[in-house]
Structure formats: C-alpha cells, structure tokens
Amino acid sequence: MKILKKENWWIWLLLFLFSSGSSTLVLGALLDAYDKNAWYTKWQYWVLGLLLFIFPFFIMLAIFYMQILTQTSAKLGVAGHEYYLSPYIWIVLMIIPIVGWILFTVLFVYLEIMTIVSLYRGNGEKYIEGV
C-alpha cells in the first residue's frame, strides 16, 4: 500500500503510460472504489453482453472503466467531482455531435491526467493503511 505515497507518483505515471491506462483499475482497487452491489459485479450482465454480438460487451467495458476512473478521481479529490460523477453529463456529451464528443474526450483526458497530478500532490497518502 506504500505505492500511494507522494514520492511514488512517477510509478503511477509509468504504469499509466505503459498499461494503456488500465492502471486506473488497480488504483481503484487500492482506493476501494469498487462497489460490491454495482452493476459490474453481476456476471449475468457480462454474459448477456457477450452473447449480443460482442458490441455491447465493449461498451460495457468502456462504461466500467469510466465509472472506476471517476470514482478514483473523486476519492483523490480531483476538482469538479459534482459534475463528472453524474452519468447524465457523460450521456449528454455523447449525444451532442462534434462539440460534445470533443468535450467528452477533454474531460476523459482531464480525469486521467489529474489523477496522476493528485497522486503527485500526495492526496493518495490518506488511503495508506498503518501509517
């Protein structure tokens, strides 16, 4: 759990760069961002997504990743959690062509970068057990 220390922020940066962002899932586990009663814990949804021609499965994976990213960012104190924790913002940004898609991408990249910056500032240290 010492990986959340302020001086280890560069490890998270390297993990993010070389794991194509999947290190956020590990960070979510360390910050206890997973909910045992959430939709992604039910295997029936995943099987149904796979049976419906694979396409819904990839959408489910993207939504799962975005949900863990937003929960992790909120736990680390990234500014604006009132907005990006609402699913309606994400849905509206996906519906609006061009401008919404650009804002969606900007918000997504903002959360990825600010998560690393928040670790650099030491916001993850309060989740270290035994210190």
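Preceding this section is the structure that the text describes.
Residues numbered from 1 in each chain as written. Predicted model: local features only at pLDDT ≥ 70, side-chain atom pairs only at ≥ 80, totals over all residues. Heavy atoms only, no water.

Draft legend 1. Looking closely at the packing of aromatic side chains. Counting across every chain of the model gives twelve aromatic pairs. Through successive ring pairs, a cluster of aromatic residues spans Y34, W39, Y40, W46, F57, F58 and F64. (Phe/Tyr/Trp six-rings, centres within 6.5 Å; stacked < 30°, edge-to-face > 60°.)

Draft legend 2. Structural detail: a nonpolar patch on the surface. Together, Y88, I91, V92, M94, I95, I96, I98, V99, W101, I102, L103 and V106 give the surface a local cluster of nonpolar side chains, amounting to about 1200 Å² of exposed area. Contributions of two or more residues to the nonpolar patch are made by α6 (87–95) and α7 (99–120). By the secondary structure assignment, I102 is in helix α7. (Patch = residues over 30% accessible without salt bridge, like charges linked within 9 Å, V, L, I, M, F, W, Y side chains within 5 Å. Areas by Shrake-Rupley, 256 points an atom, 1.4 Å probe, with all protein chains shown as cover. Salt bridge = Lys/Arg side-chain N within 4 Å of Asp/Glu carboxyl O. Helix = DSSP H or I, 4+ residues; strand = E, 2+ residues; numbered from the N terminus.)

Draft legend 3. Summary view of unusual backbone geometry. Unlike most non-glycine residues, D32 shows phi in positive territory, near 60°. Relative to the helices and strands, D32 resides in the loop between α2 (23–30) and α3 (43–51). Judged by its relative accessible area of 57%, D32 is exposed. Residue I98 is not a glycine yet carries a positive backbone phi of 55°. Within the secondary structure, I98 sits in the loop between α6 and α7. Given a relative accessible area of 54%, I98 falls into the exposed group. (Buried < 20%, exposed > 50% of the residue type's maximum accessible area, 1.4 Å probe, protein only.)

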